[in-house]
Amino acid sequence: MFLIQSCLQCTILLVAGWPWLHLKSQFFHLGQRQKAHLLSSPLSLPLSSQKRVMYGSARSSFQSSEYTNNPPWQKLLWVKQNYPDNYVDGTFLEELQRNVNVRSYDYWTMVYESGVITQQVSSVVIFIAIFIYLQVHSLSGNHLIWTGSLLTGIGYVSWDLIIRSNYEFKRQRVAKSAFFFYITLLGLSPILKTLTSQTSDDTIWALTVCCFLANVLFHDYKTQAKSIKIPGSLSTNAAIFASVLLASRLDTNVDVFGLLSFAVEWFSLFPIFRRHLKDLNPLIQIGVTVAMLLTCVALFIQISKAVVFLYILGFCFLTFVCPYWLIFIQKYKNEIHGPWDEARPRLQRANRRNMYRKRTSN
């Protein structure tokens, strides 16, 4: 047994060492000049040594004195220069700029501005609570219609007094549009009530959640109060579509009409009014945020205490944790600008172009 193991070991050594023995025998048969050339070649060195030799020679040739007699290098593409295309001089990184667009945020300012987001989330929560009250017959559709119309009228009068509008025809046009809207929606209520009668409840709930998420995510949080147009068409359409889906699960046409009219007032008109209140006084913005928070808690405390707990937890997270989180991660931002950035054309304004054309024509 020992003899067999010894024979196997000798066979393995011979097989493994035969190529090296063959190369060694050929090396001894070479001449002295051929041996010196073979030993001086970079390929005869290990891989790491080969890299050092090749990269070192390339670097030395690139940094050699062959460009010293050339004119100074210029960062211009339209000038023919005696330099490679990837050549840069020692001043290339002197124009490096870091974090040029970084803004420093104040914590309490961020907390104040987060009220716009929490107000939109609270709007969705309040609307869902009103739908639940309508579905379980704890709230009448007539009461919702009169309450929504009264609050909308008060809001329009307040907004009219804020902007101090003196145009009588605008008020008449608004009243006429509101009248036709209510008549049209009242006529479509029976159709909307049976619109999704063949669709399962699970599908309706899933689509409603997706639409309300789209309403919160795509809401126009940047629009200023000077813009009177309905903010965020995608967000508003998603909320109205979710309202139609929920209204199709109500029992009477009055409830459907009340919920849809309230949806238009709540998701289309109320955000505009909130922007005007925010620009009017910062304290009003805080008051509206707190009032909507208390309204959500008061409406959902009888429906589900778990939802109230999750809502308060999310409200605190958006209001106090997210601003601190944003300020904390600012120190990890590393934005660089330099001469490698693409060129940005500067276009003339329309009035300057017109002035230039007038001067050239004269």
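Residues numbered from 1 in each chain as written. Predicted model: local features only at pLDDT ≥ 70, side-chain atom pairs only at ≥ 80, totals over all residues. Heavy atoms only, no water.

The protein is annotated in an unreviewed UniProt entry as Phosphatidylinositol N-acetylglucosaminyltransferase-domain-containing protein from Mucor circinelloides f. lusitanicus. As its UniProt record puts it under Sequence similarities (unreviewed entry), the protein is described as follows: "Belongs to the PIGC family." Here the protein is described in UniProt, under the heading Subcellular location (unreviewed entry), as follows: "Membrane". (UniProt positions renumbered as here; feature names shortened; annotations may be inferred.)

S.K.: Looking at this structure, how should I read the environment of Val102?
M.R.: Counting through the fold element by element, Val102 comes out in the loop between strand 1 (97-98) and helix 4 (107-113). By relative accessible area, Val102 is classed as partly exposed at 30%. Each C-alpha atom, one on Val102 and one on Asn334, is 9.1 Å from the other, the two residues being 232 residues apart in sequence. Aside from chain neighbours lying at most four places away, what touches Val102 is Gln330 and Lys333. (Helix = DSSP H or I, 4+ residues; strand = E, 2+ residues; numbered from the N terminus. Buried < 20%, exposed > 50% of the residue type's maximum accessible area, 1.4 Å probe, protein only. Contact = heavy atoms within 4.5 Å.)

S.K.: For this particular structure, what's the right way to read the packing of aromatic side chains?
M.R.: Evaluation of the coordinates by the stated rule reveals 14 aromatic pairs. Consider the rings of Phe127 and Phe212, whose centres lie 6.1 Å apart with planes at 65°: the pair is edge-to-face. Here Phe127 is found in helix 5 (residues 115-135), whereas its partner Phe212 is found in helix 8 (residues 201-217), with 85 residues between them in sequence. Of the two residues examined, Phe127 and Phe212, each falls in the buried class. Here Tyr311 and Phe315 contribute two aromatic rings whose centre-to-centre distance is 6.3 Å and whose plane-to-plane angle is 45°, an arrangement assigned as tilted. Note that Tyr311 and Phe315 are positioned in helix 12 (residues 305-329) at a spacing of four residues, about one turn of the helix. Look at Tyr311 and you get buried, because its relative accessible area is 11%. When its relative accessible area of 11% is taken as the criterion, Phe315 is described as buried. Through a chain of ring-to-ring contacts, three or more aromatic side chains come together here, namely Phe127, Phe212, Phe262, Trp266, Phe267 and Phe270. (Phe/Tyr/Trp six-rings, centres within 6.5 Å; stacked < 30°, edge-to-face > 60°.)

S.K.: Would you mind going over the UniProt feature "transmembrane region" (unreviewed entry) in the protein with me for this structure?
M.R.: Listed under "transmembrane region" (unreviewed entry) in the UniProt record, and renumbered for this structure, are residues 111-132, 144-162, 174-192, 204-221, 280-301 and 307-327. Across residues 174-192, the secondary structure splits into 100% helix and 0% strand, with the terminal C-alpha atoms separated by 25 Å. Along residues 280-301 one finds 91% helix and 0% strand; the C-alpha atoms at either end are 32 Å apart.

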